[in-house]
Amino acid sequence: MQLHVLARVIHFRLQVIDVHDHLQGLVPLLGVDMWEHAYYLQYNNVKADYLKEIWKIVNWRDVGARYSKAQ
């Protein structure tokens, strides 16, 4: 599975990374599934529309709590 993740790394920097297996040494803050199964039925093959809409359903309180816990 391809997942784009906003993660807090050990050296206290934020990075957007592609994850295919596991997050060794990273704290995931937000993950967005970018494989076609995540968006194809609703957005056909328009990945940009999927990404535009995904931000409307992100639980930012949860992302913030993960960020605070990772510090």
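Attention here is on the structure that accompanies the text. All values reported here derive from a predicted model rather than from experimental measurement. By convention here, each chain's residues receive numbers from 1 onward along its written sequence. Totals for whole chains, interfaces and linings use every residue, but because this is a predicted model, local features are given only for residues with pLDDT of at least 70 and side-chain atom pairs only at 80 or more, for both listing and counting. Side-chain measures were taken over the full set of non-hydrogen atoms in the model, leaving aside hydrogen atoms and water.

### Looking at the pattern of salt bridges
What makes a salt bridge here is a side-chain nitrogen of Lys or Arg within 4 Å of a carboxyl oxygen of Asp or Glu, nothing more. Under the counting rule described, the total for this entry stands at 2 salt bridges. In this structure, Lys56 engages Glu53 in a salt bridge whose closest nitrogen and oxygen atoms are separated by 3.1 Å. Of the charged contacts, one joins Asp62 and Arg66 as a salt bridge, the two residues approaching to 2.9 Å between their closest N and O atoms. In this pair, Asp62 and Arg66 are both assigned in helix H3 (residues 60-70), 4 residues apart and thus about one turn of the helix distant. Between buried and exposed lies partly exposed: a residue is buried under 20% and exposed over 50% of the maximum accessible area for its type, with that area taken using a 1.4 Å probe on protein chains only. Assessed through its relative accessible area of 32%, Asp62 is described here as partly exposed. The exposure class assigned to Arg66 is partly exposed, which follows from its relative accessible area of 37%. Put simply, DSSP marks the helices as runs of H or I at least four residues long and the strands as runs of E at least two long, and each gets a number from the N terminus on.

By themselves, these figures tell us nothing about what the structure is for.
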